[in-house]
Amino acid sequence: MGAIYRGLAVITVVAVAAVGVALALPSRSDETGARPVAAPSAVPVSSGPPTSDSAASAAPTAAADSTVEPASGPAEPATTAATTPAPRPTPTPGTSLAPGYTAMEALYADARLPRLPAKLKRLSLPRASKSVIRDRRTRLILPNLPKPWKSYGPAPFTSRQVLPAPRSGPRGMLVSCPVPIEAQKSDRDTALLAARWTLNHHPEGAKVRWLGSQRIKDGWTLLYQVTYGKRSSRAAVMIVDNGMSKPGLVFITVPDTQRGRWRDIPRVIAGVRVLR
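Residues numbered from 1 in each chain as written. Predicted model: local features only at pLDDT ≥ 70, side-chain atom pairs only at ≥ 80, totals over all residues. Heavy atoms only, no water.

**Student:** Lay out the overall build of the chain with the relevant residues and their values.
**Tutor:** On a plain count of helices and strands, the chain comes out with seven helices and ten strands. For the chain, the residues scored as buried account for 33% of the 276 residues in total. Look at the contacts in the chain between residues 6 or more apart in sequence, and 55% of them connect residues 24 or more apart. Counting every atom, the chain has about 18400 Å² of accessible surface; 58% of that belongs to carbon and sulfur. (Helix = DSSP H or I, 4+ residues; strand = E, 2+ residues; numbered from the N terminus. Buried < 20%, exposed > 50% of the residue type's maximum accessible area, 1.4 Å probe, protein only. Contact = heavy atoms within 4.5 Å. Areas by Shrake-Rupley, 256 points an atom, 1.4 Å probe, with all protein chains shown as cover.)

**Student:** Just give me the short version of the environment of Glu 204, but keep the residues and values in it.
**Tutor:** Within the fold, Glu 204 resides in the loop between helix H6 (187–198) and strand E6 (207–216). Residues Glu 204 and Thr 227 lie 23 residues apart in sequence; the distance between their C-alpha atoms is 9.9 Å.

**Student:** Tell me what's going on with the pairing of strand E4 (residues 159–162), and back it up with residues and numbers.
**Tutor:** Where burial is concerned, the two faces of E4 agree: the one with Ser 159 and Gln 161 and the one with Arg 160 and Val 162 are both buried. Relative to E4, strand E3 (residues 150–151) runs antiparallel, the two sharing two bridges. Bridge pairing in E4 places Lys 150 opposite Val 162. Here E4 pairs with strand E5 (residues 173–178) via four bridges, running antiparallel. (Pairing = 2+ DSSP bridges.)

**Student:** Can you lay out the side chain of Asp 189 for me, pointing to particular residues and giving the numbers?
**Tutor:** When you line up the elements, Asp 189 lands in helix H6. On the basis of relative accessibility, which here comes to 18%, the residue Asp 189 falls in the buried class. Those residues in contact with Asp 189 that sit more than four places away from it in its chain are Met 104 and Gln 184.

**Student:** Break down a positive patch on the surface for me, with residues and values.
**Tutor:** A cluster of basic residues, Arg 134, Arg 136, Lys 217 and Arg 273, forms a positive patch on the protein surface. Along the chain, Arg 136 falls in the loop between strand E1 (132–135) and strand E2 (140–143). We classify Arg 136 as exposed; its relative accessible area is 61%. (Patch = residues over 30% accessible without salt bridge, like charges linked within 9 Å, V, L, I, M, F, W, Y side chains within 5 Å. Salt bridge = Lys/Arg side-chain N within 4 Å of Asp/Glu carboxyl O. Lys, Arg positive; Asp, Glu negative; His and termini not counted. Charge placed at Lys NZ, Arg CZ, Asp CG, Glu CD.)

**Student:** Can you break down the sheet that holds strand E9 (residues 248–255) residue by residue, with the values?
**Tutor:** With antiparallel pairing, seven strands are arranged side by side in an open sheet as E3-E4-E5-E9-E8-E7-E6. Of all strands in the sheet, those bounded by a partner on one side alone are E3 and E6. Packing of H6 onto the sheet brings it into contact with E6, strand E7 (219–228), strand E8 (231–240) and E9, and relative to E7 it is tilted by some 30°. Each of E5, E6, E7, E8 and E9 is contacted by helix H7 (residues 264–271), which is oriented at about 5° to E8, the strand it contacts most. (Axes fitted to C-alpha atoms, helices over the stretch in contact; angles between N-to-C directions.)

**Student:** Describe the nonpolar core, listing the residues and the values that go with them.
**Tutor:** When a protein is soluble and globular, its nonpolar side chains tend to lie buried together. By size, the foremost hydrophobic cluster in this structure holds 32 residues, and its most contacted members are Trp 210, Leu 222, Tyr 224, Val 237, Leu 249 and Phe 251. At the level of elements, helix H5 (103–108), E5, H6, E6, E7, E8 and E9 are the ones that each hand at least two residues to this core. For this core, the element with the most residues is H6, which contributes six residues. When sequence neighbours within four positions are dropped, the list of residues in contact with Trp 210 reads Leu 113, Pro 114, Arg 115, Leu 116, Pro 117, Leu 120, Leu 192, Ala 195, Leu 222, Leu 223 and Tyr 224. Counting residues in hydrophobic clusters, the runner-up holds 21 residues, among them Leu 123, Leu 140, Trp 149 and Trp 262. (Core = buried A, V, L, I, M, F, W, Y, C linked by side-chain atoms within 4.5 Å.)

**Student:** Before we move on, could you go through the pattern of salt bridges and cite the residues and values that matter?
**Tutor:** One pass over the full model with this rule turns up eight salt bridges. Two residues, Asp 218 and Arg 276, come together in a salt bridge whose shortest N-O distance is 3.2 Å. Taken together, the positions of Asp 218 in the loop between E6 and E7 and Arg 276 in the segment after strand E10 (273–274) put the pair 58 residues apart, joining distant regions of the chain. Asp 218 sits in the partly exposed class, given a relative accessible area of 28%. Its salt-bridge partner being Arg 267, residue Asp 264 comes within 3.7 Å of it at the nearest N-O pair.

**Student:** Give me the confidence of the model for the chain: which residues, what numbers.
**Tutor:** The pLDDT averaged across the chain works out to 76; a share of 64% of its residues lies at or above 70. Residue range residues 18–96 is modelled with pLDDT below 50. Its contacts to residues more than four positions away, or to other chains, number eleven contacts. (pLDDT = per-residue confidence, 0-100.)

**Student:** A description of the side chain of Gln 214 should follow, citing residues and the corresponding values.
**Tutor:** Position of Gln 214 relative to the elements: it lies in strand E6. For Gln 214, the side chain forms a polar contact with the main-chain nitrogen of Leu 123, separated by 2.6 Å. Among all residues touching Gln 214, those that are not within four sequence positions of it are Arg 122, Leu 123, Leu 125, Trp 220 and Thr 221. (Polar contact = N/O pair within 3.5 Å; in protein donor to acceptor, adjacent residues only side chain to side chain.)

**Student:** Talk me through the sheet that holds E2; I want residue IDs and the actual numbers.
**Tutor:** Taken in spatial order, the three strands line up as E1-E2-E10 in an open sheet, and their pairing is antiparallel. The open sheet terminates on both sides in strands that have one partner only, identified here as E1 and E10. When E2 meets E10, the two strands line up antiparallel, connected through two bridges. Counted as the bridge partner of Leu 140 is Val 274 from E10.

Below, the structure written as structure tokens:
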């Protein structure tokens, strides 16, 4: 009996020791829970094999992701180019007379000058005068008109001839100078702008009625009537390509108070030419 009791005691001790060892060791499930979890891939997993397009786009995406800040970091500030508005273009000086207008648009918006008709009667021009004035500043030859015309101080022009001053109103004059406006590609358009400019030398409120328009040697001429109140003048402007940086301008105007000299206007148109 004593041997039996001793065997039971040994078995009990062994069993207790085994239970203690089992309690001291960590379980496999705890070991799995303690392992850090890997971050999910930024690229979604496709349900099928990758296509050639997705494979091609994956490489640059991965390269770009390797250089950017983590999602939890501060946002990258916007660049100056993205936040600063582009400056508005500045109009070229001399190409417009009002914001948004070119020289020709300003001309067509000017109520003092109607649109030039497509067809106007051609002028009948006499023979050129043999008596001439040589304007070397503009390299032009002009007729030297007979009395009562006379030469006068040219400034602010380069040559000037005038009629005697009447009792009232403007007097007739013939002048030349480099074109005081921006020359256009077309001599006709330059002549239109020059005719508009000549209104500065007519009384206030002047308006134009076109009488003639035609090509002349080396340029273009316009003949027109200028009305101001109850009075009027007849005028012509000539644009001549003189081979210089600016074409030459010739302008003649004769008021109705001196209408006897209107016949000199065709003589001037016929006699203007380039000084060779």
